[in-house]
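# Summary of the model geometry
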Amino acid sequence: MARLLVVPLLLAICASPLSASADEQSDAAKLVETVRQAAIVLGHGGPAKAQLHSISAAFDGKGIAQAVLGAHWRSASADDRAAVVDALLYAIAHRLADKLERTQDKSFTVLGTKALANGDILVRSEFRRPLHGPTSVDWRVRHCRGQLCIGDVFVDGGSVTVQQRDRIGQLLAGNGGSIPALVADLRKGRV
């Protein structure tokens, strides 16, 4: 009799992490959809402050800023770091709004999710535009600030963070390493 009770107990214990993982994957896909909807509203002239906050809160701004700035992050002051994080999130929100404002539900599809070995979740999606082939967009979602957040986006396999790191590295090299000048460029949409 005791063996009969142990088997269901073991199954219940073993099943719990699997359902939590499935729940997290579902939550990651919902996060991507929330960001997409906020970007569409922002792109159509909706309430900017609320949409910018929604998009900014969904991204790992500090992690992205550290990856993008590289060695410049270590030498930046706390105020410069905060300004870069804020400006990067602002640029991300506006770039997403520009790219997504013309998408419709039928042109955006979440293809699935995949739990990665390091605990991140990859949300695979695709955009279909008239007269163009499909564009794959994969969203790398991780835990930060006690919640799920987007750590990187891959468009047709290319990391947006790596592209930004290369572009920002060039800008910093050209402006003498000035973080305030970089922040101004980010805010003006030059990056």
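The structure presented is a predicted model; accordingly, all values stated were derived computationally and were not measured. (Residues numbered from 1 in each chain as written. Predicted model: local features only at pLDDT ≥ 70, side-chain atom pairs only at ≥ 80, totals over all residues. Heavy atoms only, no water.)

We now examine unusual backbone geometry. Of note in the backbone geometry, R145 takes a positive phi value of approximately 55° without being a glycine. Residue placement: R145 occurs in the loop between strand 3 (135-144) and strand 4 (147-155). Phi is positive for D156, which is not a glycine, with a value near 50°. When you line up the elements, D156 lands in the loop between strand 4 and strand 5 (158-159). Look at D156 and you get exposed, because its relative accessible area is 53%. (Helix = DSSP H or I, 4+ residues; strand = E, 2+ residues; numbered from the N terminus. Buried < 20%, exposed > 50% of the residue type's maximum accessible area, 1.4 Å probe, protein only.)

To continue, consider the state of the cysteines. A complete count under the given rule lists one disulfide for this structure. A sulfur-sulfur distance of 1.7 Å marks the disulfide that ties C144 to C149. Owing to a relative accessible area of 11%, C144 belongs among the buried residues under this scheme. (Disulfide = S-S within 2.5 Å.)

Moving on, we come to the pairing of strand 3. Here strand 2 (residues 121-127) pairs with strand 3 via seven bridges, running antiparallel. Paired with I121 across the two strands is V141, which belongs to strand 3. With eight bridges joining them, strand 3 and strand 4 adopt antiparallel strand pairing. Paired with C144 across the two strands is Q147, which belongs to strand 4. (Pairing = 2+ DSSP bridges.)

Of all the residues in helix 3 (residues 61-69), the buried ones are G61, I64, A65, V68 and L69. For helix 3, the angular spread of buried residues about the axis comes to 115°, placing them on one side. Tucked inside the fold, the buried residues of helix 3 contact helix 4 (71-75), helix 5 (78-100), strand 4, helix 6 (160-174) and helix 7 (179-187). Two residues or fewer past helix 3, G70 is found with a positive phi of approximately 55°. (Arc of directions from axis to C-beta. Contact = heavy atoms within 4.5 Å.)

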